[in-house]
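# Observations on the model geometry
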Amino acid sequence: MNNGYTSRSLLKIGNDILLQTEKENLKVESATLVKYVDPETQEVLYINNIPVSLKDSHELSNVAIIYNQDGKLVQYTELYLTKNAQGNFKVTSYIDNKKVVDKDTDEKFMTASAYKDQFNGPHLNFSVSKLAKCLGISMGLADVIGIGCAAACWLTAGAGCIACVAGLAGFAVGGDAVCIANAFGS
C-alpha cells in the first residue's frame, strides 16, 4: 500500500485528519504516492493521493495527504467535483479541513468515461513545461498533474482547475493561479 503511506493515512483519518467525507468513500485500492522535492528548499515531501467515490461525483475527486521526509503529516487537501441541482459541476475544495473553494459552474456535469465517449478526451492546449516552471516541479510530476487535471480544467474553468492542480500536486497553489491557467491555455 504505497510503502505504508496509505495505511498511515487511514490511521490518521478521524484523528489528525478530519475529512468532509466518510472513510468508506475512499477508494484505498486506487491510492497513489508521489515524491515531490521543493526546488527552493530541497525539502522532500510524499503526497498520498486517495480517490473519493461519492454519489454524482467525478472520478477526479480525491484526498491528498502530504508527509515530510520523516513521515510527519504536513498538510491535507480534499477536492470534490460533484453534480449540482442544475446538473452542472460543483467544485468544492478544502485544505486542512478549511474550505477554500465552493463554486457552482455552468459546465454540464459528466463522468470521465461519459466525457471521453462524447468528446474523445479534452482538447486543451496544455504545456507541461509551463506548468512545471509555474509550480517549480519536475516535468514528470507536471505531466501527471496535467493529464489528471485536463478534464477538470476544461470543464470547470477557473477554480475547478486550480483546485484539481492543488489536489493532485498535494499543496496549496492559490498564488500560482494565473500561471496555472496559462499552462492550460485558458
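Since the model is a prediction, treat every value here as computed from it, not as a measurement.

Right, let's talk about the packing of aromatic side chains for a bit. The tally for this structure, following the rule as stated, stands at 4 aromatic pairs. Pairing phenylalanine 89 with phenylalanine 109 gives two aromatic rings, centres 4.9 Å apart and planes at 50 degrees, and the pair type is tilted. Within this pair, whereas phenylalanine 89 is found in strand β5 (residues 88-95), its partner phenylalanine 109 is found in the loop between β6 (98-108) and α2 (112-119), the two being separated by 20 residues in sequence. Each member of the pair, phenylalanine 89 as well as phenylalanine 109, is classed as buried. What links up through ring pairs into an aromatic cluster is the set Tyr5, Tyr46 and Tyr67. Here the basic side chain of arginine 8 rests over the ring of tyrosine 5, its NZ or CZ set 4.7 Å away from the ring centre. A cation sits over an aromatic face here: arginine 8 above tyrosine 67, 5.5 Å from the ring centre.

Grouped together as the largest cluster of nonpolar side chains are 21 residues, with contacts concentrated most on Leu81, Leu131, Leu135, Cys149, Val165, Ile180 and Phe184. Membership of the second largest hydrophobic core comes to 18 residues, among which are Ile17, Leu19, Tyr46 and Val63.

How each quantity is defined
Along each chain, residue indices are assigned from 1 in the same order as the chain's sequence is written. Two thresholds apply to this predicted model, a pLDDT of at least 70 for residue-level local features and 80 or more for giving and counting side-chain atom pairs, whereas whole-chain, interface and lining totals are computed over all residues. Side-chain calculation: all heavy atoms of the structure are included, whereas hydrogens and water are not. For Phe, Tyr and Trp, rings pair up if their centres lie within 6.5 Å, where Trp contributes its six-membered ring, and each pair is then called stacked (planes under 30 degrees apart), edge-to-face (over 60) or tilted (otherwise). In this description a helix means any DSSP run of H or I spanning at least four residues, a strand means any run of E spanning at least two, and both kinds are numbered starting from the N terminus. Partly exposed residues are those whose accessible area sits between 20% and 50% of the maximum for their type, while under 20% is buried and over 50% is exposed, using a 1.4 Å probe and protein chains only. Put simply, a charge is over a ring when the Lys NZ or the Arg CZ is close to the ring centre, within 6 Å, and near the line of the ring normal, within 35 degrees. Throughout, nonpolar core names a set of buried Ala, Val, Leu, Ile, Met, Phe, Trp, Tyr and Cys residues whose side chains join them through atoms within 4.5 Å.

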